[in-house]
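Summary of structural features
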Amino acid sequence: MLDDILDYQQHIQERPVWQPMLAEVREGFAHNLPLTPATLEQVHDEFMRKILPYTTGNVHPGFLGWVHGGGTPVGLLAEMLAAGLNANLGGRDHAPIEVEKQITRWMRELFGFPGTSSGLLVTGTSMANFIAVLVARNWALGLHTRRCGVASNPTRLTAYASTAAHGSLRRAFDFCGLGSDSLRLVPVDADHRIKLDELRSLIAQDCLSGYMPFLVAGTAGTVDIGAIDDLDELAGFCRAESLWFHVDGAFGALGILAPAVAHKLQGIGLADSLAFDFHKWGQVPYDAGFVLIRDGELHRKSFAALQSYLERETRGLAAGSPWPCDFSPDLSRGFRALKVWFTFKVYGLDALGRTIARTCELAEYLKQRIAQTPELELLAPVPLNIVCFRYRAANPDRVNAEIAIQLQESGIAAPSTTRIRGDLAIRAAITNHRTSAADLDRLLEATLAFGRKLTWNRQQTELLEACVE
Ligand SMILES: *Cc1c(COP(=O)(O)O)cnc(C)c1O
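To start, this report covers the structure provided alongside it. (Residues numbered from 1 in each chain as written. Predicted model: local features only at pLDDT ≥ 70, side-chain atom pairs only at ≥ 80, totals over all residues. Heavy atoms only, no water.)

What about the overall build of the protein?
Stated formally: For the purposes of this entry, the term helix denotes a DSSP run of H or I that reaches at least four residues, the term strand denotes a run of E that reaches at least two, and both are numbered from the N terminus. Our radius of gyration is a C-alpha quantity, and the globule rule it is checked against amounts to 2.2 Å times the number of residues to the power 0.38. Buried means the residue's accessible area, taken with a 1.4 Å probe over protein chains only, is under 20% of the maximum for its type, while exposed means over 50%, and partly exposed covers the values in between. To be clear on the numbers: accessible area is Shrake-Rupley with a 1.4 Å probe, and residue cover counts the displayed protein chains and nothing else. In this charge count, Lys and Arg are treated as positive and Asp and Glu as negative; neither His nor the chain ends contribute. All charge positions are set by atom: Lys at NZ, Arg at CZ, Asp at CG, Glu at CD.
A count of helices and strands for the protein gives 16 helices and 12 strands. Against the 2.2 N^0.38 benchmark of 23 Å for 469 residues, the protein shows a C-alpha radius of gyration of 24 Å, consistent with a compact globule. Across its three principal axes, the protein shows a C-alpha extent of roughly 85 × 65 × 45 Å. Burial analysis of the protein (469 residues in total) assigns 51% to the buried set. Total accessible area on the protein stands at roughly 21800 Å², and carbon and sulfur atoms take up 54% of it. For the protein, the separation between the mean place of its 45 positive charges and that of its 52 negative charges on side chains is 4 Å.

What about the packing of helix α9 (residues 196-208) against helix α10 (residues 231-241)?
Stated formally: Interaxial angle, 0 to 180 degrees, is taken between N-to-C directions of lines fitted to C-alpha atoms, where a helix line uses only the stretch in contact. Every angle not falling under 35 degrees, over 145, or within 65 to 115 is termed oblique; those three ranges are roughly parallel, roughly antiparallel and roughly perpendicular. In this scheme, a crossing is called left-handed if the near helix is turned counterclockwise away from the far one by less than a right angle; it is called right-handed if the turn is clockwise. It only takes one pair of heavy atoms within 4.5 Å for two residues to be counted as in contact. Polarity classes work like this: nonpolar for Ala, Val, Leu, Ile, Met, Phe, Trp, Tyr, Cys and Pro, charged for Asp, Glu, Lys and Arg, and polar for all others, with Gly in that last group.
Direction vectors running N to C along α9 and α10 enclose 25°, while the axes themselves pass 11 Å from each other. In terms of their interaxial angle, α9 and α10 are classed as roughly parallel. Here α9 runs over α10; the crossing is right-handed. Across from Leu196, Leu199, Arg200 and Ile203 in α9, the residues of α10 making contact are Glu233, Leu234 and Phe237. Here the residues of the contact of α9 with α10 are counted per class, giving 5 nonpolar, no polar and 2 charged.

Structural notes on the sheet that holds strand β7 (residues 273-277)
The cut-off we apply is this: Any two strands between which DSSP finds at least two bridges are classified as paired.
If you trace the 7 strands from one edge of the open sheet to the other, you get β2-β8-β7-β6-β5-β3-β4, paired in mixed fashion. The sheet terminates laterally at β2 (118-122) and β4 (183-186), the two strands that pair on one side only. Taking the axes of each pair of neighbouring strands and ignoring which way they run, one obtains an average angle of 20° across the sheet. Relative to strand β5 (residues 212-219), strand β3 (residues 157-162) runs parallel, the two being bridged by 4 bridges. The residue of β5 that forms the bridge with Thr158 is Pro213. Across the sheet, helix α5 (residues 95-111) touches β2, β7 and β8 (289-293), and the angle it forms with β8 is around 65°.

What to know about the site of the ligand
Our working definition: Each residue is tested against the molecule or strand, and it is near if at least one of its non-hydrogen atoms lies within 4 Å. Under this definition, polar contacts are N or O atom pairs within 3.5 Å; protein pairs additionally need one hydrogen-donor-capable and one acceptor-capable atom, and for neighbouring residues in sequence, both atoms have to be side-chain atoms.
Near the ligand lie 13 residues; those nearest to it are Ser126, Asp248, Asp277, His279 and Lys280. Contact distances for the ligand include 2.7 Å between an oxygen atom and a side-chain N or O atom of Ser126. Relative to its free-state accessible area of 380 Å², the ligand is covered by the protein chains to the extent of 85%. Tallied by class, residues from the shell around the ligand come to 3 nonpolar, 7 polar and 3 charged.

Details of helix α8 (residues 167-175)
Note the following rule: Note that the arc is defined by the directions from the helix axis to the C-beta atoms.
Among the residues of α8, Ser168, Leu169, Ala172 and Phe173 are the ones counted as buried. Each buried residue of α8 lies within a common arc of 150° when the element is viewed along its axis, so the set occupies one face. Looking at the buried positions of α8, the neighbouring elements they touch are α6 (125-141), β3, β4, β5 and β6 (244-248).

Looking at the nonpolar core
Inclusion rule: Joining through side-chain atoms within 4.5 Å is the link that ties buried Ala, Val, Leu, Ile, Met, Phe, Trp, Tyr and Cys residues into a set, and such a set is a nonpolar core. As used throughout, domain bounds are those supplied by an automatic or database domain assignment.
In this structure, Met107, Phe111, Leu199, Val216, Leu274, Phe276 and Phe278 are the most contacted members of the largest nonpolar core, which totals 65 residues. Here this core spans two domains, and each of domain 1 (78-347) and domain 2 (350-468) adds at least three residues to it. By size, the runner-up hydrophobic cluster in this structure holds 31 residues, among which are Phe130, Leu215, Ala217 and Phe303.

Comments concerning the sheet that holds strand β1 (residues 63-64)
Strand pairing within a sheet occurs via backbone hydrogen bonds; the two strands may be parallel or antiparallel. Reading across the sheet, the 5 strands line up as β1-β11-β12-β10-β9 and stay open at both edges, with mixed pairing between neighbours. Looking at strand neighbours, the two that pair on one side only are β1 and β9 (376-378), the edges of this open sheet. Sheet topology places β9 next to strand β10 (residues 386-391); 3 bridges connect them, and they run antiparallel. Bridging across to β10, Leu376 finds its partner in Tyr391. Strand contacts of helix α14 (residues 349-371): β9, β10 and β12 (423-429), with the helix running at about 20° to β10, the strand carrying the most contacts.

Examining the packing of aromatic side chains
Operational definition: Any Phe, Tyr or Trp ring, taking Trp's six-membered ring, that has another such ring centre within 6.5 Å forms a pair; planes under 30 degrees apart are called stacked, those over 60 apart edge-to-face, and the others tilted. A ring is considered to have a charge above it if a Lys NZ or an Arg CZ atom is located within 6 Å of its centre and within 35 degrees of its normal.
With the rule as written, the count across this model stands at 12 aromatic pairs. On the basis of an interplanar angle of 75° and a centroid distance of 6.3 Å, the ring pair of Phe173 and Phe214 is categorised as edge-to-face. In this pair, Phe173 is assigned in helix α8 and Phe214 in strand β5, connecting sequence segments 41 residues apart. Here a set of aromatic residues connected by ring pairs shows up, and it is made of Trp106, Phe111, Phe276, Phe278, Phe290 and Phe344. Sitting over the ring of Trp323, Arg92 keeps its end group 5.5 Å from the ring centre. One residue, Arg294, lies across the ring of Phe113, its end atom 4.8 Å from the ring centre.

Notes on the side chain of Ser302
Note that Ser302 resides in the loop between α12 (296-301) and α13 (336-347). Each residue touching Ser302, except ones within four places of it in the same chain, is listed here: Val135, Asn138, Leu143 and Arg146.

A word on the pairing of β3
To be explicit about the condition: By the criterion used throughout, a crossover qualifies as right-handed when its path from the first strand across the helix to the second strand runs clockwise, the strands pointing away from the viewer.
When you tally the buried positions in β3, you get 6 out of 6 residues, the bulk of the element. Side chains Leu157, Ala159 and Ala161 project from β3 onto one buried face, and the interleaved Thr158, Tyr160 and Ser162 project onto a second face that is buried too. For the handedness criterion, the β-α-β arrangement of β3, α8 and β4 is classed as right-handed.

These values are about where atoms sit, not about what they do.
Shown next as C-alpha cells:
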C-alpha cells in the first residue's frame, strides 16, 4: 500500500489531472453494509480501482483550480505515523501536544505575535475565521454572552470586509448568532483591495443608524485574484477606532516565507486574530488550518468549560492544562500538527518560501504568455499566484465556461472559473510545488484548441443560417 501511494505521487504526471467517474464505479459505492469481512488485499484492490483514479487531481501539476495544495511524500508519511499513534489532542499530558505547542511558538515568531497569544490547528480557514469572529464577539459583548446569548444584548454589532472577502467570513457571523448581514461588504479599488474611504463612510453611517461597529477583516490573498488589502493601513485604522482587526490569510499569509511576497503583508503582525491554512501554499496534506489570537486568555475563556470528567491535575496524565479543547468547539482532535512539523523540518521554511515565490513567477509567466496571444485576454491584475483570463468570443461567458469544463474533462489541465466584474473568467491558481512552465503551456495550447473549435462551430452555424435564408 505504501509503495502504491508513493508511486502514485511520483508518477502522477502520467495520469489525467482529473477524469469523470464511470457510472458503474459510482454505483459501486451504493453497496450494502459490509457485515462480513474481506481481505485487506481485496479492499486495497478496490481502492486502487475505484478511488485512486477518481480524485480531485490536486496532487497533479496540471491542477490549477480553486486554491488547492499539492501535498508531499513527507506529509504522507507523517500522516501514517500520526494514524499509527492514534493520539487524541483534545488534552492531557503527552508529547503530541508539545508538537502542536511548538507549531504555535513557530507561528508567533513568524508573524510577530506576542508570547501571550494562542494558536490552534483546525480543519481550515473556515473554522479559523469562525473561532476568531466568536472571540471578537465576546470581546465586544462580554463573556456573559456565552451564557445569556446574543439576544440578551440590544447592541447590534456590525463588521466590515471587502466585497472580495471569502464567503466563510459571512458564514462565521451567521454561526456566531450575529447574522451574516452584520458583515458589511466594502467596495474594492482596481487592484481588488478594500477602499479605506468607503470603509470610513460605511462605519460612520452605521454609527449614525445606531449600530456598533466592532471588527474589520482584511484579506491577505483574495480567493478570486490574490489581492492583499493594505494591512498596515487597516491595522492603524482599527487601532485608532478601537476595532478588532482580523486577517483572513488563508493562502496568502504563508507568503511571509517568500521575501518577494512578505513585504506586501506588512501589518499582518498587528492583527488581533489571524486565520490561515498550511494545506494550501504550505504544501501540508489536508486538512491543516491555523488560528492565532493575540489575546490568548480571551480565546481560552471563549471556549473553556469545566466538566468533572475533564478534571485537570498538576501531575499524572491529566496535567498540562489549559488543553487544546479549551480553545475550540472540538474535544477529540487528531494529530494534525505532526504533518506540519515534518513538512517544516524536512524541507525547511526557506525551501517552502522559494516554492511560494516560484508559483508567483509562474503566474507572471502565464500572464505574459496571455498578453502575447491575441485570442486571449487577461481579466484581472496578477498580484500573486492567480491568473484570470478568457478566450475572446462573441458570447464569452458561455464559451469560456465550456472551455473550462472541456479542459477538466480532457485531463490536460484543471482550472476553475470565477467572475470578474460580472464576466466569467478561467482562473488558474498555481499552488502546487510540482507545477512548471510546461504545464502552463499545455493549459494555453488546450484553451486555444477548444476555444477555436467552439467558436468555429458557431461561425459555421451562422454561415449556414445565412445561406438558408
Ligand atoms: C480557502 C480560503 C478560505 C477557506 O479556507 P478552508 O481551508 O477551505 O476552510 C478562506 N479564505 C480564503 C481567502 C481562502 O482562500
